[in-house]
Amino acid sequence: MNSLSKTFLIYGVSRGLGKAIVQSIPKATDKVYGVARSAPSNMKNLTWICADLSSSENAVQTVKDTIAEDQIDVLIYNVGIWENHAFTEDYDFQNISPLEINEIINTNITTCIQSLQSLIGHLKRSQNAKIILIGSTWGVDNHNGKELVFSATKYALRGIAQSLREILREYSIGVSVLNLGYLATEYDIDIPAEVILEETDHSLIPLIDVIQAIEFILSTSNATCVKEILMPAMKDKNI
């Protein structure tokens with residue numbers, strides 16, 4: 001790779017936002033590692049790392065072994081599973097099993113913490129490393145959602161970012177959180193935003209809007225810290 005190339009480590013690349021990030025942001029000369037339990041389709045220039053993020057120690061070791069001694073310039077933790085019947089009228093916190101609660105916490109938070117801990121050395125090798133944690137409007141103050149476990153993990157993600165900034169400040173490594181609202185994840189990234197807006201009555205955020213927010217963060221120097229970006233859908237009254 002030439003001196004202008006970057007190495008990306010992106011979690012959750014098999015579909016939705018993670019897939020769109022891989023398709024839109026890295027250049028052809030960049031090295032891209034993508035973590036997902038299932039194999040991504042139609043992905044060029046991607047080294048797939050098969051890992052079940054609900055099994056924290058195994059997932060962390062698998063990623064570590066695959067990356068070997070490579071530096072990491074961009075780490076994007078795009079992970080977020082939620083409870084059964086979340087975001088519907090059928091959601092009932094009293095019926096969420098301990099097994100399901102543990103799986104959500106392990107996937108969204110425990111593996112995130114352990115992954116960041118294990119990869120700090122790789123990030124330090126970069127001249128302008130960026131960590132982007134994909135959060136949610138369910139992790140901001142006074143939202144109206146009932147999904148307790150999902151909400152708890154997204155609040156925790158912001159706490160991770162706040163402490164991690166202090167840990168990494170001396171190395172000028174940026175740590176950002178994108179708190180996102182309802183996304184139009186069923187639309188591929190190459191579908192024009194105008195089509196998505198018309199078909200969803202402007203109720204969902206086109207993925208290209210999030211891509212542009214990520215590109216902004218990546219365009220900043222290591223003298224800048226973009227702490228948080230809050231991006232609810234315009235019609236979202238949840239916050």
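As a reminder, the structure under discussion sits directly above these lines.
As the structure is a prediction and not an experimental result, all values here were calculated from the model. (Residues numbered from 1 in each chain as written. Predicted model: local features only at pLDDT ≥ 70, side-chain atom pairs only at ≥ 80, totals over all residues. Heavy atoms only, no water.)

Asker: Which residues make up helix H1 (residues 16-24), and what are the values?
Answerer: A turn of α-helix holds 3.6 residues, and therefore any two residues three or four places apart point the same way. Turning to H1, its buried residues are Leu 17, Gly 18, Lys 19, Ala 20, Ile 21 and Val 22. Residues of H1 that are buried make contact with strand E1 (7-11), strand E4 (74-77), strand E5 (130-136), strand E6 (174-180) and helix H6 (207-219). (Buried < 20%, exposed > 50% of the residue type's maximum accessible area, 1.4 Å probe, protein only. Helix = DSSP H or I, 4+ residues; strand = E, 2+ residues; numbered from the N terminus. Contact = heavy atoms within 4.5 Å.)

Asker: Mind laying out unusual backbone geometry, listing which residues take part and the relevant values?
Answerer: Positive phi, normally seen in glycine, also occurs at Ala 68, with a value near 55°. As for its position among the elements, Ala 68 is in the loop between helix H2 (56-67) and E4. Non-glycine residue Phe 87 carries a positive phi angle of around 65°. Position of Phe 87 relative to the elements: it lies in the loop between E4 and helix H3 (98-124).

Asker: Can you lay out the packing of aromatic side chains for me, pointing to particular residues and giving the numbers?
Answerer: Under the counting rule described, the total for this entry stands at six aromatic pairs. Look at Tyr 11 and Tyr 77: their rings are 4.8 Å apart centre to centre, the planes differ by 50°, and that puts the pair in the tilted class. Here Tyr 11, found in strand E1, pairs with Tyr 77, found in strand E4; they are 66 residues apart in sequence, far enough to count as distant. Considered together, Tyr 11 and Tyr 77 belong to a single accessibility category, that of buried residues. (Phe/Tyr/Trp six-rings, centres within 6.5 Å; stacked < 30°, edge-to-face > 60°.)

Asker: So what's going on with the packing of H3 against helix H4 (residues 148-168)? Residues and values would help.
Answerer: At a minimum axis distance of 9 Å, the contact between H3 and H4 shows a crossing angle of 10°. Judged by the angle between their axes, H3 and H4 are roughly parallel. Listed contacts from H4 to Ile 101, Ile 104, Ile 105, Asn 108, Ile 109, Cys 112, Ile 113, Leu 116 and Ile 120 of H3 are Val 149, Phe 150, Thr 153, Ala 156, Leu 157, Ile 160, Leu 164 and Leu 168. Looking at the contact of H3 with H4 residue by residue, the class counts come to 15 nonpolar, two polar and no charged. (Axes fitted to C-alpha atoms, helices over the stretch in contact; angles between N-to-C directions. Parallel < 35°, antiparallel > 145°, perpendicular 65-115°, else oblique. Nonpolar A, V, L, I, M, F, W, Y, C, P; charged D, E, K, R; others polar.)

Asker: Requested: an account of the side chain of Arg 165, with residues and values cited.
Answerer: Within the fold, Arg 165 resides in helix H4. Buried charge Arg 165 goes without a salt bridge, the closest partner of opposite sign being Glu 228 at 4.9 Å. Of note is the side chain of Arg 165, whose polar atom sits 2.9 Å from the backbone oxygen of Val 175. Apart from residues lying up to four places away in sequence, Arg 165 is in contact with Val 175, Val 177, Cys 225, Lys 227 and Glu 228. (Lys, Arg positive; Asp, Glu negative; His and termini not counted. Salt bridge = Lys/Arg side-chain N within 4 Å of Asp/Glu carboxyl O. Polar contact = N/O pair within 3.5 Å; in protein donor to acceptor, adjacent residues only side chain to side chain.)

Asker: Can you break down the pairing of E1 residue by residue, with the values?
Answerer: Summarising burial for E1: five of the five residues are buried, a large majority. What you see with E1 is no split at all: Thr 7, Leu 9 and Tyr 11 on one side and Phe 8 and Ile 10 on the other are buried throughout. Judged from the five bridges that link them, E1 and strand E2 (residues 31-36) form a sheet pairing that is parallel. Each residue of the ladder has a partner; that of Phe 8, found in E2, is Val 32. A crossover connection joins E1 to the parallel E2 through H1; in handedness this β-α-β unit is right-handed. Two strands pair when backbone bridges link them, and E1 and E4 are joined in this way by three bridges, in the parallel orientation. (Pairing = 2+ DSSP bridges. Right-handed = clockwise from strand over helix to strand, strands pointing away.)

Asker: Provide a residue-level description of the sheet that holds E2, including the pertinent values.
Answerer: In spatial order, the strands read E3-E2-E1-E4-E5-E6-E7; together these seven strands make up an open sheet with parallel pairing. A strand with exactly one partner marks an edge of an open sheet, and here the two such strands are strand E3 (47-50) and strand E7 (228-231). Averaged over all neighbouring strand pairs, the angle between strand axes comes to 15°, with direction disregarded. Pairing of E4 with E5 involves four bridges; the strand directions are parallel.

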